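Read off the chains here:
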Amino acid sequence: MLQMPAPKDNPLTPEGYRPNQILAGFLWMCASAIGTGSMAVLAREMALHGSHPFQNAFLRAAVGLVLILPLLRHQRVSLRPTQPRLMFLRAALAAVPLTCTFYASAKIPLAQVSAIAFAAPILVVVLSVLILHERVYLRRWIAVAIGFAGMIAILRPGSAAFELGTLVAAFGACAMAGVTLCVRLLGRTEPAERMVFWATTGQFLFILPLALSVWTWPGGTVILLAIGTGFCGTLGQYGLTRALQSAEASVISPLTYLRLPYVALMAFFLYGEIPDAWTLIGAAVIIASALYITHRERARKGKAAVPVQAPPS
């Protein structure tokens with residue numbers, strides 16, 4: 001198949017993305033990593049002020065919904081999805097990792113929460129085989145197995161370090177893999193603003209019953225922290241969606257791992273937390289496996305002759 005020639009005044013990279021799009025993807029991914037990491041820190045602060053994690057997750061979703069509405073009005077984005085069933089699934093799944101993050105952040109070290117969350121890209125490979133029937137070759141399966149070994153090193157089942165918080169964080173990583181798969185499919189037809197709106201709406205509606213079961217009226221400090229989590233969480237979600245639409249995922253995905261050193265530094269300065277050796281080893285193994293899987297995916301796609309075109313904006 002012949003490739004589409006790029007205009008001389010608007011050159012494209014070999015992957016089909018303009019240089020300014022790749023730069024935007026890098027910046028959006030950095031903003032997403034910082035936003036998501038900051039949300040976890042603020043979630044810990046809310047729990048330290050006596051507010052239940054379920055209530056905190058709901059307040060974050062409520063604030064996020066208020067924040068996204070002006071953006072939708074400014075962008076004049078239609079809220080009607082072109083893939084309603086898949087959008088509903090993504091909205092329902094989005095509530096799970098948010099709730100798990102808020103719960104785990106209140107129970108276990110923050111660096112451990114972030115490290116476990118990095119297993120999501122590895123789980124995406126498994127879901128892609130089971131749901132999309134994608135073909136995965138031996139080397140990627142080996143990388144997946146190594147990544148799971150890293151996750152086991154962090155969780156350490158049967159040891160004193162294994163507790164409900166680590167199990168909840170792992171469950172959140174599984175749900176995040178489902179969200180990532182939905183975003184990959186929805187990104188072909190849905191604008192970022194629409195996806196963020198429905199994800200935030202889903203979080204608001206599905207976490208509401210949990211919040212009501214533990215509800216106490218929050219104080220002024222908790223409300224301020226909730227506003228912060230809403231802003232940071234929306235930035236993380238919107239930034240990730242825009243990043244994946246701006247540039248090839250294999251190019252920008254390594255930047256998402258900036259979240260771990262950022263969260264580790266914040267946890268050290270604020271709470272004196274120092275990640276243990278098993279967390280650091282497991283995180284290194286998971287990140288290395290995820291990066292290798294991303295590299296192999298990019299190499300596989302590079303073998304196919306496809307038209308070069310700009311991604312949907």
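Predicted model only: the values in this text are computed from it and were never measured. (Residues numbered from 1 in each chain as written. Predicted model: local features only at pLDDT ≥ 70, side-chain atom pairs only at ≥ 80, totals over all residues. Heavy atoms only, no water.)

Undergrad: When you look at the overall build of the chain in this model, what are you seeing that I'm missing?
TA: Of regular secondary structure, the chain possesses 12 helices and 0 strands. Of the regular secondary structure in the chain, the N- to C-terminal order runs α-α-α-α-α-α-α-α-α-α-α-α. Across the 313 residues of the chain, 48% fall into the buried class. Partitioning the contacts of the chain with sequence separation of at least 6, the portion at a separation of at least 24 is 90%. Surface summary for the chain: the accessible area is close to 15500 Å², and the carbon and sulfur share equals 69%. (Helix = DSSP H or I, 4+ residues; strand = E, 2+ residues; numbered from the N terminus. Buried < 20%, exposed > 50% of the residue type's maximum accessible area, 1.4 Å probe, protein only. Contact = heavy atoms within 4.5 Å. Areas by Shrake-Rupley, 256 points an atom, 1.4 Å probe, with all protein chains shown as cover.)

Undergrad: Please clarify how the nonpolar core should be interpreted in this entry.
TA: A general trend in soluble globular proteins is that nonpolar side chains are found buried together. By size, the foremost hydrophobic cluster in this structure holds 26 residues, and its most contacted members are Ile-116, Phe-118, Ile-122, Met-151, Leu-260, Ile-286 and Ile-293. Of all the secondary structure elements, the ones that give two or more residues to this core are helix 4 (110-117), helix 5 (120-131), helix 6 (138-155), helix 7 (164-186), helix 11 (259-271) and helix 12 (277-302). Apart from residues no more than four positions distant in its own chain, Leu-260 is found in contact with Ala-111, Ser-114, Ala-115, Phe-118, Ala-283 and Ile-287. Ala-95, Leu-98, Phe-102 and Ala-226 belong to the second largest nonpolar core, which has 17 residues in total. (Core = buried A, V, L, I, M, F, W, Y, C linked by side-chain atoms within 4.5 Å.)

Undergrad: Would you explain the packing of aromatic side chains in this entry?
TA: In this description, a pair of aromatic rings is defined by centroid distance and the angle of the planes. Per the counting criterion, the structure on display carries 9 aromatic pairs. Note on Phe-197 and Trp-198: the rings are 5.1 Å apart at their centroids and 75° apart in plane angle, and the pair reads as edge-to-face. Cluster of aromatic residues (ring-pair linked, three or more members): Phe-58, Phe-204, Trp-215 and Trp-217. In this arrangement the basic side chain of Arg-44 is found over the ring face of Tyr-271, its NZ or CZ atom lying 5.0 Å from the centre. (Phe/Tyr/Trp six-rings, centres within 6.5 Å; stacked < 30°, edge-to-face > 60°. Lys NZ or Arg CZ within 6 Å of the ring centre and 35° of its normal.)

Undergrad: Whenever I open this one, the pattern of salt bridges confuses me. Can you help?
TA: Note that side chains of opposite charge can pair when their charged atoms are close. Throughout the structure, instances matching the rule amount to 2 salt bridges. A salt bridge links Glu-273 to Arg-44; the shortest N-O distance between them is 2.7 Å. Taken together, the positions of Glu-273 in the loop between helix 11 and helix 12 and Arg-44 in helix 1 (residues 19-48) put the pair 229 residues apart, joining distant regions of the chain. You can call Arg-44 buried: its relative accessible area is 8%. The salt bridge involving Glu-190 is made with Arg-194; its shortest N-O contact spans 2.4 Å. (Salt bridge = Lys/Arg side-chain N within 4 Å of Asp/Glu carboxyl O.)

Undergrad: Explanation requested: helix 4 in the structure shown.
TA: Count 3.6 residues to each turn of an α-helix, and residues three or four apart come out pointing the same way. Extensive coverage of helix 4 is indicated by the burial of 7 of its 8 residues. Among all positions of helix 4, only Leu-110, Ala-111, Gln-112, Val-113, Ser-114, Ala-115 and Ile-116 are buried.

Undergrad: Can you help me understand helix 11 in this one?
TA: Over its 13 residues, helix 11 extends 17 Å from the first C-alpha to the last, a length consistent with the 18 Å expected when each residue adds 1.5 Å. Of all the residues in helix 11, the buried ones are Arg-259, Leu-260, Val-263, Ala-264 and Ala-267. Summarising the axial view, the buried residues of helix 11 lie within an arc of 125°, below the 170-degree limit, and thus occupy one face. Directly beyond the C-terminal end of helix 11, a positive phi value near 70° is found at Gly-272. (Expected span 1.5 Å × (residues − 1). Arc of directions from axis to C-beta.)

Undergrad: Would you explain the state of the cysteines in this entry?
TA: Two cysteines, two sulfur atoms, one covalent bond between them: this is a disulfide. The tally for this structure, following the rule as stated, stands at 0 disulfides. Here Cys-100 is not disulfide-linked; the sulfur of Cys-174 is the nearest cysteine sulfur, at 9.2 Å. (Disulfide = S-S within 2.5 Å.)

Undergrad: What is the right way to look at the packing of helix 4 against helix 11 in this model?
TA: Helices that pack against each other are described as a pair by the angle of their axes relative to one another and the distance between those axes. For the pair helix 4 and helix 11, interaxial distance at closest approach is 8 Å and the crossing angle is 165°. Classified by the angle between their axes, helix 4 and helix 11 sit roughly antiparallel to one another. Note on packing geometry: the crossing formed by helix 4 with helix 11 is right-handed. Contacts between helix 4 and helix 11 involve Leu-110, Ala-111, Ser-114, Ala-115 and Ala-117 from the former and Arg-259, Leu-260, Val-263, Ala-264, Ala-267 and Tyr-271 from the latter. (Axes fitted to C-alpha atoms, helices over the stretch in contact; angles between N-to-C directions. Parallel < 35°, antiparallel > 145°, perpendicular 65-115°, else oblique. Left-handed = near helix turned anticlockwise from the far one by under 90°.)

Undergrad: Sorry if this is basic, but what is going on with the environment of Leu-260 here?
TA: As for its position among the elements, Leu-260 is in helix 11. For Leu-260 and Ala-115, which are 145 residues apart along the polypeptide, the C-alpha to C-alpha distance reads 6.6 Å.

Undergrad: Explain the side chain of Asn-56 here, please?
TA: Structurally, Asn-56 is set in helix 2 (residues 53-75). Residues contacting Asn-56, with those up to four places away along its chain left out, are Ala-43, Met-46, Ala-47, Ser-51 and Phe-102.

Undergrad: What am I meant to see in the packing of helix 5 against helix 7 here?
TA: Where helix 5 contacts helix 7, the axes come no closer than 8 Å and their chain directions differ by 60°. Here helix 5 and helix 7 pass one another in a crossing that is right-handed. On the side of helix 5, the interface is formed by Ala-120, Leu-123, Val-124, Leu-127, Ser-128 and Ile-131, while helix 7 contributes Ala-173, Cys-174, Met-176, Ala-177, Gly-178, Thr-180, Leu-181 and Arg-184.

Undergrad: What is the right way to read the side chain of Ser-32 from this model?
TA: Residue placement: Ser-32 occurs in helix 1. Residue Ser-32 is classed as buried on the basis of its relative accessible area, which comes to 6%. Once residues within four sequence positions are removed from consideration, Ser-32 is found in contact with Leu-235, Gly-236, Gly-239 and Leu-240.

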